[in-house]
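Spelled out, the chains give:
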Amino acid sequence: MKRKISIWVEPVIDSGDYVQLELFNDEQVIINSSIQNIFDISKVFTDYSQSFTIPASTINNVIFKHFYQTDIGDVNNLNGIIDHNKRRKAFIEIDLTPFRRGKISLEKANIKNGAADNYQIVFYGDLISLKDKFGEDKLNQLDYVDFEFPYNGTEVFDRVTDYNNAYDVRFPLISSSRLWSYNDSGPDDITQNTKHINYNELFPALRVKRILGLIGDTYGISFNGAFLSDERYTNAFLLCKNANEFNFITESLSLMFDSKSNVNDINWSGVSTQNAEDFVDLGNESINITNFNTQVYEHKIQIYISSISAVGTLYVDVFQDGNYYQTFQTGIPNTFNIVIPNTSGLNTNFTFKLRATIAMNVGCTVFYQPYAFTSSGLVTYSTATINCSTVGILGTINLASYMPDMKIADFVAGILKEFNCTCIPISENTYEILPLDDWYGSGAVVDITQYTDIQSIDIERIKLYKKIAFKYQESESFANKRYFEANGQHYGNVEYQYSYDGDEYIIESPFENLLFQRVLDNVGDYAILGYNLDTNYNSYVPKPTLLYEYGASNTLVHNIKFNDGSVTQSISKYMLFGQDLTYNGTKYSLNFGADNSIIHNETIQYGLFATYYFPYLTNLYNLKNRLVYVKTNLPISILTNLQLNDRLIIRDKRYIINEMKSNLTSGEVEFVLYLDFREVIGGINDGRPIQVDGTAQCISQKVTLPSGATQCDLTCATAGVTITPSTIYSSQVVEICVPISSTPKQTIITENNNNLTLENNTQVISELYQPQVINVVATFTYATGTQTSSLTIIQI
């Protein structure tokens with residue numbers, strides 16, 4: 001039976017109710033859907049439609065503002081020009097039931113016999129909308145005001161040595177200027193007072209979780225998911241380094257407009273008198289530049305710096321429509337000019353910010369002047385004078401000045417790639433981020449046998465890759481270079497070879513993986529340090545670098561000397577950074593493969609591949625797996641509710657959705673599936689017990705709520721165990737606190753078979769707790785009943 005398809009699109013002005021497009025009666029609307037595709041496992045995909053046509057009806061002509069007729073504008077648009085390069089928000093309904101939300105892109109119009117006949121459009125899902133929001137914006141364009149602090153030696157010292165407070169901004173011990181050594185009496189022995197670490201040698205690092213939060217705040221979106229509370233994510237930091245050596249830059253403050261005045265009132269529009277000051281917004285501290293009549297040639301903004309109270313460099317940052325435009329560097333007095341040609345459709349806002357290399361007060365005046373050609377030549381029609389408040393720059397650190405040169409879209413994609421995460425649109429501006437296995441674990445199991453054409457099923461072998469490689473950006477650090485020379489492989493990378501005839505596949509992270517060093521003294525004591533120094537021991541600017549905040553170092557045998565600008569202090573313990581993290585008793589690593597840990601001096605098995613990629617690829621590379629092509633005709637209730645992480649049952653086999661192509665008009669859905677050999681239910685157990693010592697302690701554990709489950713109740717029969725919260729209604733991290741082990745200690749002894757007395761014949765080697773097994777049970781409630789999953793905690 002033919003279904004009614006409704007497509008609703010936002011109006012040109014982003015306000016008011018959505019309007020419905022008119023469709024051809026016989027037009028087929030086909031949506032392709034895929035999130036994680038076995039043909040390109042490094043990417044996260046989204047819905048998109050094949051291009052389809054709609055009539056150039058009266059209603060559609062109004063919606064698309066007669067795209068085919070460029071001399072027809074919009075009375076609601078000040079410039080009469082519609083930007084059809086921008087996709088417009090839209091959603092699709094099937095028989096009045098919501099199906100997908102995303103954006104419509106107008107591709108072209110078709111003219112027949114001199115009249116408009118149809119428009120060709122494409123629908124894109126919400127993940128494309130997310131990418132549209134970011135555009136070409138970079139990390140240094142975010143506002144880091146919430147993470148500013150007075151920059152001085154005491155603050156830096158605390159953020160190096162205080163391992164009890166959860167600072168979002170830290171200063172890892174990474175040298176960018178000289179080859180630090182440890183207690184070897186060398187020229188840069190940082191245990192010597194005269195060779196101390198200066199506080200302004202160190203670059204900051206910002207917690208990745210906070211960067212993602214800023215991205216959400218900036219673009220009006222929310223990122224959710226239990227993974228975002230997982231310590232394997234929350235303990236990741238981004239090194240803020242974009243120069244060879246650290247040079248302090250203050251916070252960035254907006255230029256505040258106090259008052260405005262105008263000279264030369266001119267009737268330049270030919271309709272009414274408008275002055276330059278009419279385009280100055282005191283409330284938003286902005287100047288709006290618009291297209292005037294044909295006589296106007298250009299617009300000029302002059303920024304006059306009249307005074308600064310301290311000797312230092314002042315930076316004036318200019319932003320156009322909130323996007324970075326240019327920077328002026330100045331002393332005083334000085335004037336800077338911004339010239340904007342008067343072009344058709346011009347409608348843009350300029351705002352300004354100040355920052356400096358030292359705390360200072362800044363006096364400033366801004367002028368706005370449109371220029372025009374008249375019979376007497378180039379003249380100024382009108383001039384607005386904008387008096388600005390004195391800007392008091394306090395000297396707090398401006399993290400934007402140290403952010404690596406990286407697009408926001410590349411940063412988000414890089415984090416998803418690191419942890420093999422999906423990013424799923426939940427609503428128009430809400431996205432859930434979770435590792436791929438957790439996402440599949442939260443899916444439902446749907447039997448579609450009765451809706452499947454089981455008479456015609458194509459089964460194909462999966463064309464597996466003969467090589468899969470996981471790679472970081474190549475580091476210029478001498479430590480990384482030496483590792484490559486010794487091992488023939490870059491630190492943190494991994495490569496897997498298979499005896500197949502497929503292609504090679506390389507998953508490349510946008511981040512650098514810095515190899516820290518265990519710096520030894522003459523007798524075997526050591527400190528763990530990092531170096532942004534090349535093979536000639538010269539400073540270099542790294543690619544964006546991810547680090548794990550590990551925790552406190554061991555107590556140093558020889559104190560590191562640190563100068564805070566006033567006195568030289570001693571460091572006996574400090575916050576360690578590197579690739580390693582211990583979470584719930586298990587050692588994890590930011591390396592893709594199983595590499596040696598500088599902190600633990602042992603191989604860490606749970607790198608990013610083993611933790612986040614291996615379960616997915618194990619199922620994919622199962623010798624029994626096949627690629628299956630089936631055709632179905634799904635009822636609306638299933639089609640509109642089906643999620644791409646749902647497992648499908650067809651007869652006696654269970655499948656994972658690789659791709660689906662939905663003909664919304666006919667209800668026919670073509671699936672590309674592959675077999676699923678993994679556990680069905682999500683929950684609290686990722687397949688490994690947690691091993692802890694016998695002391696009282698609390699651990700954080702992620703619980704995944706499967707699709708269709710309304711709640712989860714967490715219980716434990718072992719006395720003294722508490723779980724907070726014990727009932728959850730969505731996937732989240734819970735805290736499980738266990739008491740001291742109730743099992744007695746076991747004395748481990750050895751005996752000497754010599755002729756000594758009995759007292760000397762027995763030696764106590766150690767005392768250990770007998771293992772105690774604690775089971776935490778997660779009971780998931782569904783409309784049809786309950787299911788359970790369990791987590792084992794072993795106290796040793």
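A. Representation of the overall build of the protein in the model. Secondary structure assignment for the protein yields eleven helices and 56 strands. Counting only contacts in the protein whose residues sit at least 6 apart along the sequence, the fraction spanning at least 24 positions is 71%. Of the accessible surface of the protein, which amounts to about 35500 Å², a share of 46% is contributed by carbon and sulfur atoms.

B. Layout of helix α8 (residues 478–487). Listed as buried for α8 are F478, A479, N480 and K481. Summarising the contacts, the buried residues of α8 are in contact with β35 (517–520) and β36 (526–531). G488 sits one or two residues past α8 and shows a positive phi near 70 degrees.

C. Focus on the packing of aromatic side chains. In the structure shown here, the tally under the stated rule is 40 aromatic pairs. Between the aromatic rings of Y68 and Y119, the centroid separation amounts to 6.4 Å while the plane-to-plane angle is 40 degrees, which identifies the pairing as tilted. Of this pair, Y68 sits in the loop between α1 (58–63) and β6 (88–94) while Y119 sits in strand β8 (residues 115–125); the two residues are 51 residues apart in sequence, bridging distant segments of the chain. Here Y119 falls in the buried class, since its relative accessible area comes to 0%. Here the aromatic rings of F134 and Y219 are separated by 5.2 Å at their centres, their planes lie at 70 degrees, and the arrangement is edge-to-face. Taken as a pair, F134 in helix α2 (residues 126–134) and Y219 in helix α4 (residues 208–219) lie far apart in primary sequence, 85 residues in all. Under the relative-accessibility criterion, F134 is labelled buried at 3%. Three or more aromatic residues joined by ring pairs make a cluster, and in this case those are F470, Y472, Y496, F592, F609, Y613 and F614. We note R232 situated over the ring of Y588; from NZ or CZ to the ring centre the distance is 4.8 Å. The side chain of R355 reaches across the aromatic face of Y315, ending 4.8 Å from its centre.

D. Fine view of the environment of Q455. Relative to the helices and strands, Q455 is located in the loop between β30 (445–447) and β31 (458–460). Between the C-alpha atom of Q455 and that of K631, which follows or precedes it by 176 residues, the distance is 9.7 Å.

E. Structural context of the sheet that holds strand β52 (residues 732–738). An order of β48-β52-β50 is seen for the three strands of this open sheet, with the pairing classed as antiparallel. The strands lining the two open edges of the sheet, one partner per strand, are β48 (697–703) and β50 (722–724). The average undirected angle you get between the axes of adjacent strands in this sheet is 25 degrees.

F. Quick peek at the state of the cysteines. Applying the stated rule across the entire model yields one disulfide. Between the sulfur of C698 and that of C737 lies a disulfide, 1.9 Å long from S to S. The disulfide joining C698 to C737 has a torsion of about 105 degrees about its S-S bond and is therefore right-handed. With C698 in strand β48 and C737 in strand β52, the pair connects residues that are 39 residues apart, well separated along the chain. Residue classification places C698 among the partly exposed residues on the basis of a relative accessible area of 43%. Note on C737: relative accessible area 15%, which makes it buried. Here C423 is not disulfide-linked; the sulfur of C421 is the nearest cysteine sulfur, at 9.1 Å.

G. Expanded view of unusual backbone geometry. With an omega of -10 degrees, the peptide bond running from T724 to P725 counts as cis. Look at N420: it is not a glycine, yet its phi comes out positive at around 50 degrees. Topologically, N420 is positioned in the loop between α6 (408–418) and β28 (421–427).

H. Spatial organisation of the pattern of salt bridges. One pass over the structure, following the stated rule, counts 23 salt bridges. The closest approach of N and O atoms between D168 and R207, which form a salt bridge, is 2.9 Å. Taken together, the residues D168 in the loop between α3 (153–161) and β9 (169–170) and R207 in strand β12 (residues 205–207) connect sequence positions 39 residues apart. Like R207, D168 is buried. Salt-bridge contacts for K702 lead to D438; the nearest nitrogen and oxygen are separated by 2.5 Å. With K702 in strand β48 and D438 in helix α7 (residues 436–441), the pair connects residues that are 264 residues apart, well separated along the chain. Using a relative accessible area of 11% as the deciding quantity, one classes K702 as buried. Relative accessible area serves as the criterion here: at 16%, D438 is assigned to the buried category. A network of salt bridges, in which partner residues are shared, links D168, R170, R207, R210 and E549.

I. Region of the structure containing the pairing of strand β41 (residues 580–583). One ladder, built from four bridges, connects β41 with strand β42 (residues 586–589); its direction is antiparallel. Bridge pairing in β42 places Y583 opposite T586. Hairpin connection of β41 to β42: two residues between the antiparallel strands, including N584 at a positive phi of 50 degrees.

J. Quick peek at α3. Among the residues making up α3, those that are buried are G153, V156, F157, R159, V160 and T161. Where α3 is buried, its residues touch β9, β38 (560–563), β39 (568–571) and β40 (575–578).

K. Structural context of the sheet that holds β36. Read from one edge to the other, the open sheet built from three strands follows the order β10-β36-β35, with strand pairing classed as mixed. The strands lining the two open edges of the sheet, one partner per strand, are β10 (174–175) and β35.

L. A look at the nonpolar core. With 159 residues, the main nonpolar core has F223, F411, I560, Y574 and F671 as its most contacted residues. With seven residues, helix α9 (residues 608–620) is the largest single contributor of residues to this core. Not counting the four nearest positions on each side in its chain, Y574 is found in contact with V160, T161, L173, A527, I528, L529, G551, A552, S553, L556 and I560.

M. Inspection of the confidence of the model for the protein at higher detail. Summary statistics for the protein give a mean pLDDT of 87 and a share of 89% for residues scoring 70 or more. Confidence over residues 74–80 falls short of pLDDT 50; this stretch has twelve contacts with residues more than four positions distant or in other chains.

N. Main features of the environment of I215. Counting through the fold element by element, I215 comes out in helix α4. Residue classification places I215 among the buried positions, given a relative accessible area of 0%. Leave out the neighbours within four places in its chain, and I215 touches F134, L142, I221, F223, I408, F411 and V412.

About the thresholds
- Residues numbered from 1 in each chain as written.
- Predicted model: local features only at pLDDT ≥ 70, side-chain atom pairs only at ≥ 80, totals over all residues.
- Heavy atoms only, no water.
- Helix = DSSP H or I, 4+ residues; strand = E, 2+ residues; numbered from the N terminus.
- Contact = heavy atoms within 4.5 Å.
- Areas by Shrake-Rupley, 256 points an atom, 1.4 Å probe, with all protein chains shown as cover.
- Buried < 20%, exposed > 50% of the residue type's maximum accessible area, 1.4 Å probe, protein only.
- Phe/Tyr/Trp six-rings, centres within 6.5 Å; stacked < 30°, edge-to-face > 60°.
- Lys NZ or Arg CZ within 6 Å of the ring centre and 35° of its normal.
- Pairing = 2+ DSSP bridges.
- Axes fitted to C-alpha atoms, helices over the stretch in contact; angles between N-to-C directions.
- Disulfide = S-S within 2.5 Å.
- Salt bridge = Lys/Arg side-chain N within 4 Å of Asp/Glu carboxyl O.
- Core = buried A, V, L, I, M, F, W, Y, C linked by side-chain atoms within 4.5 Å.
- pLDDT = per-residue confidence, 0-100.

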